[in-house]
Amino acid sequence: MEPSNETKFSKFLLLGFSEEPGMQPLIFGLFLSMYLITVFGNLLIILAISTDPNLHTPMYFFLANLSFVDICFTSTTVPKMLVNIRTQSKVITYAGCITQIYFLILFAVMDVFLLSVMAYDRFVAICHPLHYTIIVNPRLCGLLVLVSWIMCVLHSLLQSLMMLRLSFCTHLHIPHFFCELNQMLQLACSDTFLNNVVMYLAAVLLAGGPFIGILYSYSKIVSSICGISSAQGKCKAFSTCASHLSVVSLFYCTMLGVYLSSAATQSSRSSATASVMYTVVTPMLNPFIYSLRNKDMKRALKAFFGKETLTWPIVIRLKKCL
């Protein structure tokens, strides 16, 4: 059979976490709950930032973008898994798999870029406070986000086109709950050397590069905070970047833990379970980290819900007057 025919008629089976029928309702309920919390939590962050004029700053502009990307990131994988569990079908088409890989890479790399941009924002705010408004202006913020999107789109397109050149055999089983790039390369019938080179090179440049930038920014931030004489000043300076530092630590530690655990155990099912941490759990926890550790976000959320609750008495009074 020709490789092109193999690719054209191939369908993939997402094996997920467990094939036991009794576990499916539990997995469905757990992931549905986490998905809803992720969507509504990040949506609240976006609404609070957009409705509060005091939060129309570069820091919260990047945070709103991060929340939007987190919603899209989780929506790339979890809904398909929930549909498969509900319909008792593990099938995903070849086109669906390539599409899932494209958007998964797109939003994952965009997450990394936004975290590095937010680290740069905190670096300028703490190390160069007098020039902050001049350096981090609205034009620069928009340009940084735009360039990040363009780079992510081009990178995802490159990886997807590289996948299209491969041929796959029929009835392929993916021991994961989504089409993961590395798993797909292992299932290919044709030579994947060039794909592996591109994948690892992109990982070094697009994940390692921003991570080095984050480490450099926070090394300068820590040295600047240590130079502050008053304890109150140190506490205030640290509080401005504590939430972002928590999110960065959670994202990179979970992702690093996934790859270390998969390399140690050589178990695809264990890797699928571990990957839940950065694909589902981290986007779900981000709104809690920023809302619980950030006084401005707490105030904005209280004001947002306060406006919602105050709307109904005003409407009732207007109706009585009419």
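Here, the structure is the one placed above.
Residues numbered from 1 in each chain as written. Predicted model: local features only at pLDDT ≥ 70, side-chain atom pairs only at ≥ 80, totals over all residues. Heavy atoms only, no water.

**Student:** What am I meant to see in the sheet that holds strand β3 (residues 172-174) here?
**Tutor:** Backbone hydrogen bonds are what pair the strands of a sheet, in a parallel or an antiparallel way. One open sheet accounts for three strands, arranged β2-β1-β3; its pairing is mixed. The sheet is open, and its two borders are formed by β2 (91-93) and β3, each paired with just one other strand. Neighbouring strand axes in the sheet, compared pairwise and without regard to direction, differ in orientation by 35° on average. Across three bridges, strand β1 (residues 11-14) lies against β3 in parallel orientation. Paired with L13 across the two strands is H173, which belongs to β3. The strands touched by helix α4 (residues 94-127) are β1, β2 and β3; relative to β2, the strand with the most contacts, the crossing angle is about 80°. (Pairing = 2+ DSSP bridges. Helix = DSSP H or I, 4+ residues; strand = E, 2+ residues; numbered from the N terminus. Axes fitted to C-alpha atoms, helices over the stretch in contact; angles between N-to-C directions. Contact = heavy atoms within 4.5 Å.)

**Student:** Can you walk me through the nonpolar core in this structure?
**Tutor:** Grouped burial of nonpolar side chains is what soluble globular proteins tend to show. By size, the foremost hydrophobic cluster in this structure holds 93 residues, and its most contacted members are F12, F31, L63, M163, F168, M184 and M297. Broken down by element, this core gets its largest block of residues, 23 residues, from α4. Filtering out sequence-adjacent residues up to four positions away, M184 remains in contact with F12, C97, I101, M163, F168, I174 and C179. (Core = buried A, V, L, I, M, F, W, Y, C linked by side-chain atoms within 4.5 Å. Buried < 20%, exposed > 50% of the residue type's maximum accessible area, 1.4 Å probe, protein only.)

**Student:** It is not clear to me how the side chain of N65 should be interpreted in this structure. Could you clarify?
**Tutor:** Assignment of secondary structure puts N65 in helix α3 (residues 58-87). Those residues in contact with N65 that lie beyond four places of it in its chain are L114, V145 and W149.

**Student:** Help me understand the pattern of salt bridges in this model?
**Tutor:** Close approach of charged atoms allows side chains of opposite charge to pair. This model, assessed by the stated rule, comprises two salt bridges. For R299, the salt bridge is made with D52, and the minimal N-O distance between the two is 2.9 Å. Residue R299 is located in helix α11 (residues 295-321), and its partner D52 is located in the loop between α2 (24-51) and α3; the two are separated by 247 residues in the primary sequence. You can call R299 partly exposed: its relative accessible area is 34%. Judged by relative accessible area, D52 falls into the buried class, the value being 8%. Across the pair D121 and R122 runs a salt bridge whose closest N-O atoms are separated by 2.8 Å. (Salt bridge = Lys/Arg side-chain N within 4 Å of Asp/Glu carboxyl O.)

**Student:** Looking at this structure, I do not really get helix α6 (residues 138-164). What am I missing?
**Tutor:** Three or four residues apart is the spacing at which side chains of an α-helix point the same way, because the helix has 3.6 residues per turn. In this model, α6 (27 residues) spans 39 Å end to end at C-alpha, consistent with the 39 Å of a helix rising 1.5 Å per residue. If you check which residues of α6 are buried, you get C141, V145, S148, C152, H155, S156, Q159, S160, M162 and M163. Where α6 is buried, its residues contact α3, α4, α7 (181-187) and α8 (193-226). The N-capping residue of α6, defined by a side-chain oxygen 3.2 Å from the backbone nitrogen of R139, is N137. (Expected span 1.5 Å × (residues − 1). Polar contact = N/O pair within 3.5 Å; in protein donor to acceptor, adjacent residues only side chain to side chain.)

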